[in-house]
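# A look at the structure
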Protein chains: 2
Amino acid sequence: MAKKFVYFFGNGKADGHGDMKDLLGGKGAGLAEMTNAGVPVPPGFTITTEVCNIYSESGRKLPKEVEKEIDDNLAKLEKAMGKKLGDVKDPLLVSVRSGAKFSMPGMMDTVLNLGLNDETIQGLIAKSGNERFAWDAYRRFIQMFGNVVMDVDKANFEHIIDATKDKRGIKLDVDMTVADLKDLVAQFKKKVKALTKKDFPQDPHAQLRMAEEAVFQSWNNPRAITYRRLNDIPGNLGTAVNVQAMVFGNMGDTSATGVGFTRNPATGDKEFYGEYLTNAQGEDVVAGIRTPHPIADLAKEMPKVYKQLRDITGRLEKHYRDVQDFEFTVQENVLFMLQTRTGKRTAQAAIKIAVDMVKEKLISKEEAILRVEPNQLDQLLHPIIDPKAKKTVIAQGLKASPGAAVGKAVFTADDAVTEAQKGKVILVRTETNPDDIHGMDAAAGILTARGGMTSHAAVVARGMGTPCVAGCESLRVSEKDRKFTAGNVTVKEGDWISIDGSTGEVMLGQMPTIEPAVTGDFGTLMSWADAARRLKVRANADIPRDAIVARQFGAEGIGLCRTEHMFFAEDRLPIVQEMILADSVGARQKALEKLLPMQRSDFEGLFTEMKGYPVTIRLLDPPLHEFLPKREELMVELATMKALKKGATPKAKKLEKLLARVEELHEFNPMLGHRGCRLGIVYPEITRMQARAIFEAAALLAKKKIKVIPEVMIPLVGTVKEFSNQKKLVVEMADAVMAENKVKIEYMVGTMIELPRAALVADTIAKEAEFFSFGTNDLTQTTFGFSRDDAGKFITYYMENGIFEKDPFVALDQEGVGQLVKMGVERGRSTREKLKVGICGEHGGEPSSVEFCHRTGLDYVSCSPYRVPIARMAAAHAAIKQSGKVKASQTK
Amino acid sequence: MAKKFVYFFGNGKADGHGDMKDLLGGKGAGLAEMTNAGVPVPPGFTITTEVCNIYSESGRKLPKEVEKEIDDNLAKLEKAMGKKLGDVKDPLLVSVRSGAKFSMPGMMDTVLNLGLNDETIQGLIAKSGNERFAWDAYRRFIQMFGNVVMDVDKANFEHIIDATKDKRGIKLDVDMTVADLKDLVAQFKKKVKALTKKDFPQDPHAQLRMAEEAVFQSWNNPRAITYRRLNDIPGNLGTAVNVQAMVFGNMGDTSATGVGFTRNPATGDKEFYGEYLTNAQGEDVVAGIRTPHPIADLAKEMPKVYKQLRDITGRLEKHYRDVQDFEFTVQENVLFMLQTRTGKRTAQAAIKIAVDMVKEKLISKEEAILRVEPNQLDQLLHPIIDPKAKKTVIAQGLKASPGAAVGKAVFTADDAVTEAQKGKVILVRTETNPDDIHGMDAAAGILTARGGMTSHAAVVARGMGTPCVAGCESLRVSEKDRKFTAGNVTVKEGDWISIDGSTGEVMLGQMPTIEPAVTGDFGTLMSWADAARRLKVRANADIPRDAIVARQFGAEGIGLCRTEHMFFAEDRLPIVQEMILADSVGARQKALEKLLPMQRSDFEGLFTEMKGYPVTIRLLDPPLHEFLPKREELMVELATMKALKKGATPKAKKLEKLLARVEELHEFNPMLGHRGCRLGIVYPEITRMQARAIFEAAALLAKKKIKVIPEVMIPLVGTVKEFSNQKKLVVEMADAVMAENKVKIEYMVGTMIELPRAALVADTIAKEAEFFSFGTNDLTQTTFGFSRDDAGKFITYYMENGIFEKDPFVALDQEGVGQLVKMGVERGRSTREKLKVGICGEHGGEPSSVEFCHRTGLDYVSCSPYRVPIARMAAAHAAIKQSGKVKASQTK
């Protein structure tokens, strides 16, 4: 059988069905499924995602057989509708929409009312008996087609509309007359010709082909690429094209268009939820140009339609066993469903819906867990505004994306990116559009004056987990002057404001925030997740304060305590420097003795917070010069003194001596220098001091009958001999301290696996090491051969140009670095069966990496305290997916 | 059967035999073999190398069963000699010598005359009837035992001897009287007591035990460790201890001691060769204190002994099928053989001997090849002094190690190390000793005033391949004053001198040198090697001059041409900087256009020299900031100008602008930064320019009907997408240039494999890449996670403390990095069966690495032009060893 490239739907029957998202995209599969389920859907056909890839790969050409299939399906559609594309008496009008496997709101392009031209409009007028509607449809078509297909900036059309309304002294689009609209069409066509040097195409078949190709091309526009990158969507999926007979929500007051959710997507409450506009086309609702009515109003305005809509969407929720996000149009009192898909929701809503649906026996606990994307929890794990704090609320908007954010006001996306490098910013805009994506990503919070709960700002912010207050109508925002007013308050660029996406409030100044907690439905779901997962979750914590947060978020130990953190403390740095500048072992020893009680008390604090849990302590890792003043600064200071003829002063002499030592320690590539266990090997007295501090702290607690399990971790090991050298020092010190204190301490000595060589020879290292912890930050750096600090120079370019799908410092590179992790685990366990294995790079809190760790048989992951619940959830996802308890089609 | 720890030899029969070098060491195996062959050898026993390891591992203790075996063998020895250790009437005296598997001349310690004390000396006097001899033996024993076993510095004894001779007004040891010697013994014992707080041991059995243990301990003394490191001898072999009945060469004029070779070890000539001293003990010959007589003189002095010696050594050469290095002692006209072993020889001698022995049908061609250590050839591959040059010869010494060297005179080993960092040095010493090893390693040449062909300086220099003139008796060297005189010429520290180790000449000034050639026996042997090897050998060459040398040395192509070499040329650097500082693609393009003709002419030159052979050209690799002035220097310059209130001058402004760009390009870890293909990806115009230069040069030659095979190599690839990105640019440019010039050029596009990730995903990369070249320098750096520039801070420590056996930048780390190479080859060929694979790191010229490359199935190695013959020879060794044509025992 030849391959099928086009799938028809209509008349209660579809070629495809709901499970065909890969091929038909989410929208196309939904349309097919709804059609099959007897839901009223305007007929049409879907060109598959495969065609998109063929189109791209063949240099933007459609194969003959695809063209023929499209023509056949168009004929079928014309037959179903009893209208013909381009028929001057009764023209078929169609919409052309993109639809990828995963929803990419606002990212892809859509054309409505296609099929209109200077002749067919007469047929539309005749058939609809509504001249104003027809001209409005035509001018919208030219606007959309001109923008999407012919690449004319939207602003060109908007300026013409604004000028027309100004001239006529009216404010709303609906107040424009037939004459106004006719005039707009003429002006639009002239503008298109002027800008593109081409006439606006009058042949409806050419229009259709051009629109289809534009959709395919839009798959690779920069907005789409950025969105995919931010949302981890692969670039090779392609988009489908949906060509569908038009129905019109803008045929007067008996027509309407709207969007909705079967449950509240912000809170998760079980309430019918949505917005609509009468006498409007779909784009008007989403675009945020007019503020729409709550869907409850529809019950009064069109009670029969409302009942039918609730009935259909209720059936759809049961059918799909999940919240539905739907689009509908009412054309002269007749309801049409245009789309249904799984509704995006906030983390809070996702949790409530998942827990509720288990209670409603709609889904299992495992399914409930899979309904909450681990990364989404991040939204619930950030500070909220202290309810006891005195607030100066200057405006109230929609609760578009929950969570509190505090930052300096900025007014353009570019400014947001720049200023965010210095501190937190709130991006304030009249309304956002897809071109603002990079600024929204950089901002701590987003505030808009216009647009509803489904506006661009709201949808994108929720997706990103960024707090957002939208549709804050009392705001007057001037992007040009970099300020906004709310009542009589003016906020200028750089002024501090706070927003609360959970209440919709906008406040002046820096509000105090408090930490979130894992309680209520969240707590319930996490307890299910804990029951489902195999992987333990630990936190990276250097100080007791971090350990407390880690415990609150459910960490089951500390996977990485970086002892150098403690060396940088203000009161210690001079002693550390004394140690480094020591010119004999004796002098170094003396400085180390001063450090010993400080380190001991650090460990005592950590052990106390983590009582009963293991605490992995990594011995000193960074090169010593990191603790000294910067070489080039000393050089400049000294050169300046010499230029001023002060080169012979005692201060200069001292500086010179310091510089000499700094020069001695200077490294061309500190990342690849004298660091990690290489320090402890050349300066065994440092290892001895640190080991003593660890075991003395443990002994102190042991005497208080508090159990602690120190796991001493040797960093940057590349050969077993390096490890054995350091292990010997640690074990000797443990024996000595236990004898001195007459206590027994349970402890382990293990190593970081953070160099390719360590993974390659893991079998020999595991003969000596009692545990492994993969340091995937350094392992990524050495495996790829680029340093995190320097890769910025090209990694952005790599992401934008498709050389990298994901930043390997964010998501573990499973193809390359992952091989070394797998090798390390397998080889390590080949010589030490019970080898404990964890990961403590930043990947330990990234869901796809956590899933990899589960599959690879690690015992635990360790991540930043705030990401512990995300890791717990990701670990549960991994276990459930592996168990096969939930069908694959239900996992995304 | 219980394990045997001690092997007896004597009375024509030995427990062991010549193949037991692992267990008995070279010396012990030789003694056993000689004994079995009926050669007159003083009886004795060998304590095995295993005991050495047991001794070290058990904290310097000997197991009971070993002690018992030693006692049993001592009893056997006493019986064979009819004397007893410690017998006051007729004492048995023994020598205690170390003997490892591989000879380590001067590195290990020896004690002679053991068994003497204040009482047994009377027995020795009585039995020998020679009081002077007996007291001389006793004082020697205290000297050696005091130094080797009790750790008293030799100089202490020498001072006492010198004082005695001064007092008596005599010059030679032999002029000392019995009274003098008795007095020496008394003074020596006093000195030992004063320095060690212990009496000199009088119990001969205790002496023996102490000496045995001292030999074991000497295995891990710093000299031995250094020697092993320099000679690639593993540290876990251990040394055997040989306890052997003493025979005396110092019993008057009918006694003698000597060493010799069955062929000339410097030239390879088939002549009986050696040196001896009458009335002396063995150490006197080797130590270089008295200049010995050529062995030919023995024919006149002791014709019978001489004939017997020639007969025995001739038999030994035939027996071992190789040149023998032997030690003998004549005690009152009776010949004893003390040792025989394979003779070390210069490269030149090794080649001549190997070729001669094939002609003599003693060995096969394959064996002949294996007789020449590839690294040894290095000696023949260095410049020699131009024979046409006018020489000012100021002294003539022994031709101790061939080759010419030119350098500044230095007089201590430490100075040699320091000064060698600035330029070439000649180390000038009265005589060298094992403490000078590090200086000898650093020096370009070695010149000594005393010592023969088997003196420490000569033996070590030959081993290192360093030119050496030894025993240059007219020299008066003052290490203290840092100068030497030769006749009326004085040479001070820092003065230029030249030495020729092939002629023994010492010359004033910097003599012109010329390149060596592969001709004569060398050429013959290399032709055999070429026939035996599978691996091709290419050279790393950036400029035509290097390519010429490479071809002369038999390179079969260029494996690595580093294009940045060309960028650093004086006339180009300003243009390269112009390109880097360009603030637009247009400006960069303009600079690149200026570079194009220069690069093209470079490649034209290379292609012309390498006509018919492949030339692998690596695209630009280093980060761009390497071509700009150093950041800290600019900062200092600017700070100085500002301090002098010149911060507003145009020069300062210009500097500031330059610094800003340098800051922009600054990297924390340049090795892991924006370099390699990452440059060509972000700046495709650079790749395009380089590709155009390559193909335009190839096209020019193609028009002249000269065939060239450019292999364009993309550096630092970690993912296949990086490679494809660059390959596309190269292929497009090749197509364009071929079309413009209407020629067809055969070419390939391949990649360096120099990152762990590249090796891990080699299967996907090989789908696109037509060849791989392992860049093992960078691969070593990233696999171990240390940079070559910075590792110096700990790598020496690692080597000295046994954490590394070998420097992984010198010999490929087969255990770790080697795994990635193997993986890269296997995975690469899994998707492209005919993938061409080579190596172009510096390991490409290191024999053990070349052997690894052969075993791993690489197609070629590429190394520095001067190492090409070494690589060819190593490749032949690898192939012959793998073929199994030569017995393993004959391969080392």
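Every value quoted in this text rests on a predicted model; they were computed, and no experiment measured them. (Residues numbered from 1 in each chain as written. Chains lettered and ligands numbered in written order. Predicted model: local features only at pLDDT ≥ 70, side-chain atom pairs only at ≥ 80, totals over all residues. Heavy atoms only, no water.)

On to the overall build of chain A. On a plain count of helices and strands, chain A comes out with 34 helices and 32 strands. On C-alpha atoms alone, chain A measures out to a radius of gyration of 32 Å, which is about the 29 Å that the 2.2 N^0.38 rule sets for 892 residues. Principal-axis analysis of the C-alpha atoms places the extent of chain A at approximately 100 × 70 × 55 Å. Across the 892 residues that make up chain A, the buried fraction comes to 59%. Contacts spanning at least 24 positions in sequence make up 68% of the contacts within chain A whose residues lie at least 6 apart. As presented, chain A carries roughly 35100 Å² of accessible surface, and 51% of it is formed by carbon and sulfur atoms. Averaging the locations of the 124 positively and 118 negatively charged side chains of chain A gives two centres separated by 3 Å. (Helix = DSSP H or I, 4+ residues; strand = E, 2+ residues; numbered from the N terminus. Rg over C-alpha atoms; globule rule 2.2 N^0.38 Å. Buried < 20%, exposed > 50% of the residue type's maximum accessible area, 1.4 Å probe, protein only. Contact = heavy atoms within 4.5 Å. Areas by Shrake-Rupley, 256 points an atom, 1.4 Å probe, with all protein chains shown as cover. Lys, Arg positive; Asp, Glu negative; His and termini not counted. Charge placed at Lys NZ, Arg CZ, Asp CG, Glu CD.)

Right, let's get into the interface of chain B and chain A. Across the boundary between the two partners, chain B contributes 57 residues, which contact 57 residues of chain A. Both sides together, the interface formed by chain B and chain A hides about 5000 Å², and carbon and sulfur atoms give 60% of it. It is B:Leu672, B:Arg757 and B:Lys793 in chain B that bury the most area against chain A; as a group they hold 13% of the surface buried on that side. Inspection of the chain B/chain A interface yields eight salt bridges. B:Lys721 is paired through a salt bridge with A:Glu805; the nearest N and O atoms lie 3.6 Å apart. (Buried area = accessible area lost by both parts, 1.4 Å probe. Salt bridge = Lys/Arg side-chain N within 4 Å of Asp/Glu carboxyl O.)

Attention shifts here to the side chain of A:Gln244. All names here are of chain A. For Gln244, the location among the structural elements is in strand S6 (residues 239-245). Separated by 3.0 Å, the side chain of Gln244 and the backbone oxygen of Pro42 make a polar contact. Filtering out sequence-adjacent residues up to four positions away, Gln244 remains in contact with Phe9, Leu31, Val41, Pro42, Pro43, Gly44, Leu93, Val94, Ser95 and Leu338. (Polar contact = N/O pair within 3.5 Å; in protein donor to acceptor, adjacent residues only side chain to side chain.)

With that settled, the discussion passes to empty space enclosed by the protein. Residue and element names in this part refer to chain A. Following the criterion strictly, the structure yields six cavities of 30 Å³ or more and no others. Taken as a whole, the largest cavity spans an internal volume of roughly 150 Å³. Counting only elements with at least two residues in the lining of the largest cavity, the list comes to strand S4 (94-100), S6, strand S7 (256-261), helix H10 (282-287) and strand S10 (324-331). Across the lining of the largest cavity, the residue classes break down as seven nonpolar, eight polar and three charged. (1 Å grid on protein atoms, 1.4 Å probe; cavity = no way out; pocket = protein on both sides within 12 Å on 5 of 7 lines; lining within 4 Å. Points joined across faces, edges and corners; volume = space filled by probe spheres on them. Nonpolar A, V, L, I, M, F, W, Y, C, P; charged D, E, K, R; others polar.)

Residue and element names in this part refer to chain A. Across the sheet, which stays open at both edges, the five strands sit in the order S9-S8-S7-S10-S11 with antiparallel pairing between neighbours. This sheet does not close on itself; its edge strands, each paired only once, are strand S9 (293-294) and strand S11 (334-342). Pairing geometry for S7 and S10, over six bridges, is antiparallel. Residue Gly258 lies in a different strand from S10, and its bridge partner there is Phe328. (Pairing = 2+ DSSP bridges.)

Let us look at the nonpolar core. In terms of nonpolar packing, the biggest core is built from 309 residues, with A:Leu377, A:Leu525, A:Phe607, B:Leu377, B:Leu525 and B:Phe607 touching the most fellow members. When residues no more than four places from it in sequence are discounted, the contact partners of B:Leu377 are B:Ala347, B:Ile351, B:Val372, B:Phe522, B:Met526, B:Pro869, B:Ile870 and B:Met873. (Core = buried A, V, L, I, M, F, W, Y, C linked by side-chain atoms within 4.5 Å.)

Our next topic: the relation of the copies chain B and chain A. The two copies are related by a screw operation: chain B maps onto chain A through 180° of rotation and 0.2 Å of translation along the axis, at an RMSD of 0.4 Å. Classification of the inter-copy transformation places it as that of a two-fold axis. Nearest to the rotation axis, the C-alpha of B:Asn669 is located 2.0 Å from it, this being the minimum over chain B. Taken together, the interface assignments show that 100% of the residues at the interface of chain B recur at the interface of chain A, consistent with an identical surface on both copies. (Least-squares fit on C-alpha atoms with pLDDT ≥ 70 in both.)

Moving on to a negative patch on the surface. Together, A:Asp151, A:Asp153, A:Glu158, A:Asp162, A:Asp166 and A:Asp435 line one region of the surface with negative charge. On the secondary structure map, A:Glu158 appears in helix H6 (residues 154-168). (Patch = residues over 30% accessible without salt bridge, like charges linked within 9 Å, V, L, I, M, F, W, Y side chains within 5 Å.)

Applying the stated criterion across every chain yields a total of 44 aromatic pairs over all chains. Look at A:Phe141 and A:Phe200: their rings are 5.5 Å apart centre to centre, the planes differ by 85°, and that puts the pair in the edge-to-face class. Note that A:Phe141 is positioned in helix H5 (residues 131-148) and A:Phe200 in the loop between helix H7 (178-196) and helix H8 (204-218), a separation of 59 residues in sequence. There is no split in this pair, since A:Phe141 and A:Phe200 are both buried. Positioned above the aromatic ring of A:Tyr860, the side-chain terminus of A:Arg538 is 3.9 Å from the ring centre. Positioned over the ring face of B:Tyr7 is B:Lys4, at 5.0 Å from the centre of the ring. (Phe/Tyr/Trp six-rings, centres within 6.5 Å; stacked < 30°, edge-to-face > 60°. Lys NZ or Arg CZ within 6 Å of the ring centre and 35° of its normal.)

Residue and element names in this part refer to chain B. With respect to the element layout, Met302 can be found in the loop between helix H11 (296-301) and helix H12 (303-320). C-alpha of Met302 to C-alpha of Ser773: the two residues are 471 residues apart in sequence and 63 Å apart in space. Beyond its immediate chain neighbours, meaning those up to four positions away, Met302 contacts Asp253, Thr254, Ser255, Ala256, Thr278, Val330 and Asn333.

Moving on, we get to the pattern of salt bridges. Opposite charge on two side chains permits pairing when their charged atoms draw close. The full count for this structure, using the stated rule, is 137 salt bridges over all chains. In this structure, A:Glu663 and A:Arg631 form a salt bridge, with 3.0 Å as the shortest nitrogen-oxygen distance. With A:Glu663 in helix H24 (residues 650-665) and A:Arg631 in helix H23 (residues 631-643), this pair connects stretches of sequence that are 32 residues apart. Judged by its relative accessible area of 33%, A:Glu663 falls in the partly exposed class. Across the pair B:Lys4 and B:Asp15 runs a salt bridge whose closest N-O atoms are separated by 3.2 Å.

Here the focus is the confidence of the model for chain A. When pLDDT is averaged along chain A, the result is 91, and 98% of the positions lie at 70 or above. The complex prediction reports pTM at 0.78, with the ipTM value standing at 0.77. (pLDDT = per-residue confidence, 0-100.)

Further remarks concern the side chain of B:Asn156. Residue and element names in this part refer to chain B. With respect to the helices, strands and loops of the structure, Asn156 is situated in helix H6 (residues 154-168). Engagement of the side chain of Asn156 in a polar contact is seen with the backbone oxygen of Asp153, the distance being 3.0 Å. In contact with Asn156, other than residues within four places in its own chain, are Lys191 and Leu195.

Along its 15 residues, helix H32 (residues 817-831) of chain B runs 22 Å from first to last C-alpha, staying within 8% of the 21 Å computed at 1.5 Å per residue. Of all the positions in H32(B), only B:Val817, B:Gly818, B:Leu820, B:Val821, B:Met823, B:Gly824, B:Val825 and B:Gly828 are classed as buried. (Expected span 1.5 Å × (residues − 1).)

Residues and elements named next belong to chain A. Read across the sheet, eight strands follow the order S13-S23-S22-S15-S16-S17-S18-S14 without closing on themselves; strand pairing throughout is mixed. Across the chains shown, the open sheet's two edge strands, defined by having one partner strand only, are strand S13 (393-396) and strand S14 (398-401). The average angle at which neighbouring strand axes cross in this sheet is 30°, direction not considered. As paired elements, S14 and strand S18 (residues 468-470) share three bridges and run antiparallel to each other. Each residue of the ladder has a partner; that of Leu398, found in S18, is Ala470. The sheet contacts of helix H15 (residues 413-420) involve strand S15 (404-410) and strand S16 (425-429), and relative to S16 the element is tilted by about 175°. (Axes fitted to C-alpha atoms, helices over the stretch in contact; angles between N-to-C directions.)

For the rest of this paragraph, the subject is the packing of helix H30 (residues 776-784) of chain B against H32(B). Residues and elements named next belong to chain B. H32 packs onto H30 with a crossing angle of 120° between their chain directions and a minimal axis gap of 9 Å. Taken together, the axes of H30 and H32 are oblique relative to one another. Where H30 crosses over H32, the handedness of that crossing is right-handed. Here Thr776, Leu779, Thr780, Thr783 and Phe784 of H30 come into contact with H32, specifically with Val817, Leu820 and Val821. In terms of residue class, the contact of H30 with H32 is built from five nonpolar, three polar and no charged. (Parallel < 35°, antiparallel > 145°, perpendicular 65-115°, else oblique. Left-handed = near helix turned anticlockwise from the far one by under 90°.)

Moving on to the pairing of strand S23 (residues 505-508) of chain B. Consecutive side chains of a regular strand alternate in pointing toward one face of the sheet and then the other. All names here are of chain B. Bridge count for strand S13 (residues 393-396) against S23 is three bridges, and the pairing is antiparallel. Paired with Ala395 across the strands is Val506, a residue of S23. In this sheet, S23 lies alongside strand S22 (residues 496-500) in antiparallel orientation, the contact comprising four bridges. In the strand pairing of S23, Ser498 is matched with Met507. Here S22 folds back onto S23 in antiparallel fashion, the turn holding four residues, of which Gly504 has a positive phi close to 85°.

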